[in-house]
Amino acid sequence: MPLSSRHLLGIEGMPIGDIELILSTARSFSEIATRPIKKVPTLRGRSIINLFYEASTRTRSSFEIAAKRLSADILNFSVSTSSVGKGETLVDTARNLESMSPEIIVLRHQAAGAPWLLAETCRECSIVNAGDGMHEHPTQALLDAYTILERKGSIRDLKVAIVGDISHSRVARSNTYLLTKMGARVWICGPPTLIPLEFGQLGAAVTFHLEEALADADVVMMLRTQRERQNEVFFPSVREYFRLFGLSRERMRATREDAIIMHPGPINRGVEIDPDVADGDHSVILNQVTNGLAVRMAVLYLLLGAGEEES
Amino acid sequence: MSLLLRGGRVVDPSQDLDRRADLLLEDGKVVAVGNLSAGKGHEVIDVAGCVVTPGFVDMHVHLREPGREDKETILTGSRAAAAGGFTSIVCMPNTTPVNDNAAITRFILERAAEAGLVNVYPTGAITLGSRGEQLAEIGEMHAAGIVAVTDDGRPVQNSQVMRRAMEYARIFDIPVMDHCEDLFLAAGGCMNEGQASTRLGLRGMSRAAEELHVVRDIILSRITGGRVHILHLSTRESLDQVRAAKAQGIRVTCEVLPHHFTLTDDDIQDFDTDFKMMPPLRERADVEAMLEGLADGSIDCLATDHAPHTRLDKEEPFEEAASGVIGMETAIPICWEHLVRAGVVPVPRLVELFSLNPSRILKLGKGTLAEGADADVTVIDPDRRQVVDPSRFRSKGRNCPFRGWELRGAPVLTVVGGRVVHRQESA
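Residues numbered from 1 in each chain as written. Chains lettered and ligands numbered in written order. Predicted model: local features only at pLDDT ≥ 70, side-chain atom pairs only at ≥ 80, totals over all residues. Heavy atoms only, no water.

Peer 1: If you had to explain the pairing of strand 1 (residues 2–12) of chain B to someone new, which residues and values would you point to?
Peer 2: Residues and elements named next belong to chain B. Taking burial as the measure, the eleven residues of strand 1 include nine buried ones, the bulk of the element. Bridging between strand 1 and strand 4 (residues 42–46) involves five bridges; their strand directions are parallel. The residue of strand 4 that forms the bridge with Leu 5 is Ile 45. Taken together, strand 1 and the strand that follows it, strand 2 (residues 17–26), pair antiparallel across an intervening segment of four residues, in which Asp 16 is found at a positive phi of about 55°. Sheet topology note: the strand 1/strand 5 (residues 51–54) ladder contains two bridges and is parallel. By the bridge assignment, Val 10 is partnered in strand 5 with Val 52. (Buried < 20%, exposed > 50% of the residue type's maximum accessible area, 1.4 Å probe, protein only. Helix = DSSP H or I, 4+ residues; strand = E, 2+ residues; numbered from the N terminus. Pairing = 2+ DSSP bridges.)

Peer 1: Give me the lowdown on the interface of chain A and chain B, citing residues and values where you can.
Peer 2: Interface size, as often reported, equals the accessible area lost upon joining of the parts. Taken together, the contacts link 27 residues of chain A with 20 residues of chain B. Summed over both sides, the interface of chain A with chain B buries roughly 1900 Å², with 52% coming from carbon and sulfur. Among the residues chain A hides against chain B, the three largest losses belong to Ala112(A), Met134(A) and Glu198(A). Together they make up 21% of the total. Counting across the chain A and chain B interface gives two salt bridges. The tally of links between chain A and chain B comes to six residue pairs in polar contact (both at pLDDT 80 or more). By residue class, the composition of the side of chain A that touches chain B is twelve nonpolar, eight polar and seven charged. (Contact = heavy atoms within 4.5 Å. Buried area = accessible area lost by both parts, 1.4 Å probe. Salt bridge = Lys/Arg side-chain N within 4 Å of Asp/Glu carboxyl O. Polar contact = N/O pair within 3.5 Å; in protein donor to acceptor, adjacent residues only side chain to side chain. Nonpolar A, V, L, I, M, F, W, Y, C, P; charged D, E, K, R; others polar.)

Peer 1: Explain unusual backbone geometry to me, using residue names and the numbers behind them.
Peer 2: Here the residue pair Gly265(A) and Pro266(A) is connected by a cis peptide bond, since its omega of -10° sits within 30 degrees of zero. If you trace the backbone, Pro266(A) turns up in the loop between strand 11 (260–262) and helix 9 (275–278). The peptide bond linking Met278(B) to Pro279(B) adopts the cis configuration, its omega dihedral lying at -10°. Structurally, Pro279(B) is set in the loop between strand 14 (252–256) and helix 9 (284–296). Positioned with a positive phi, His232(B) is a non-glycine residue whose angle comes to about 25°. Its location among the elements puts His232(B) in the loop between strand 13 (228–230) and helix 8 (236–247). Accessibility expressed as a relative area gives 2% for His232(B), which makes it buried. Its identity is not glycine, yet Asp270(B) carries a phi of approximately 50°, on the positive side. Along the chain, Asp270(B) falls in the loop between strand 14 and helix 9.

Structure below.
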């Protein structure tokens, strides 16, 4: 059974069947990581391009290793956007890359919607969104769901608290879509300067009080926080932020005893999360990274392999 | 040279006229309206079944010349105007260089005369380079032919500068036209801040960014006695403020654009940059407020903010793409379908909004078919159907959010100074 779309652009609008297919396929791939030789020939001869307009270590390497474990050829193409002159447009770059006949382009871009522009431009290859601006980061949400399922068995009726800078977070958006689709009760928490007024309409409950978000939570997802963005200041000090929204051992007492702590990384230790908590028993932060490989292998495989075998 | 338009429904609110009549134009002037017979040498055009009105005036267009002739020129913009049923257009000063001195004003008028299609009225910058600091030589530009001042696109943030501009413009009794946007509050947003921006992960711009400057301008108009015209008003609250100010006798007028009474931010599908403009598409309640304001008279004018861009400028991720949509070649059909046929406004009110009122605000001496008036006429076929196809536009721009819309009612004949500048072949 193939995916319903040629591209993986976002979780919003993605059928639940596709999500379940990716997660179950990822489960079968997770075993490969335990083998002495971590490689299968499934995508031999296929080429994938990692097109990254933003600095990223975790996501880029994760896609790269996932592709290599499936024996695909992968090319890393990083574009510096710091220079004043922008040079080639995204559309031109995409056309050039597509002329080299890759099967998949994995795109990370600072502008929301960039993968849609690419999907419209590229006639042949599939586009995977590896994060577009403040919009979506679908593979992150999928690996988060995978990690929750691994620990909890089911997502239905779980209370999931997502805490931090919601406004600028593609992880918050994709996870809210995905987890509410799978029946979780999602709570969004952070200072009102970092939560759009309308976020509740995406299906989440909103609170500005951490204790309310943490009360009996099964899952706590902490997001990276920056005090300043583009010269706008969103809270007075890191000290006050941690006091109001930081995850400490003490505040963890409000959650369920078996609660898990997640973070998409990179972590600001001492800003949004106490180092002891980040490294503690409840933390699954490194499992998320491990699971990211299996989930991305599944995505690449399903966009290429599965459809092919059918025909 | 004489032209007789025979058998149309002549609608001229300046004379409270709405009846079937013939219209005779001679030597660039209106000679008579009534039951007329063709004389010797009269060219006769049968306009039975059509609506004959004083020429439409688009008081807000960007012609891009000088500087960005790849986007539009005064010639191509004039062609778009003529084809869209406009006999007069008012162009914004945000060219390269900015129209902040009489030499640029004269250049624009020369190029318009060379194009020789429609009346082109330049506006001048309020401040030098539209930098918002020092007043431009408004008197010099006024002598050269500007009809208003505005820093459209780079709105004046310093309220003291705005106050001085309103005071100074009183010498010439020209309006200060303002693109109302508090740039700090707008914070670089690329669409309306709301549910849609939250969903799309695009940086939103609070509606308050517009409303605060509307309120500011109203207050400055009150204390200075200067005339202020609010460009492209787009929110319910802005309109309420204008309505209240008018009731107090403050000299404020405003215009609304077709996309702000037909589209909302929910229409931005798949990050389509043809739906990106400033002010951005708002919400359902705002659209309803615009329709109410058009019907009840609190909105003075319609305009297009015709803003052509190249494909390259639009073929970018949404937040990086250029802002603006074209509008001159769709405005009348959109208004006919969504205002007249939809029962929002009767035909005479549409003519007020798009001809008489802009002409009065800018003192153009147009907007009427009274005897002796300039022979500028727009003829609309209320039954003509079309599907919007930007590839057929005369404008260089293709950035149109109405692509594929089926519309009924279209301009079929445009007469400027007694001369036919556009005639639609019958389908």
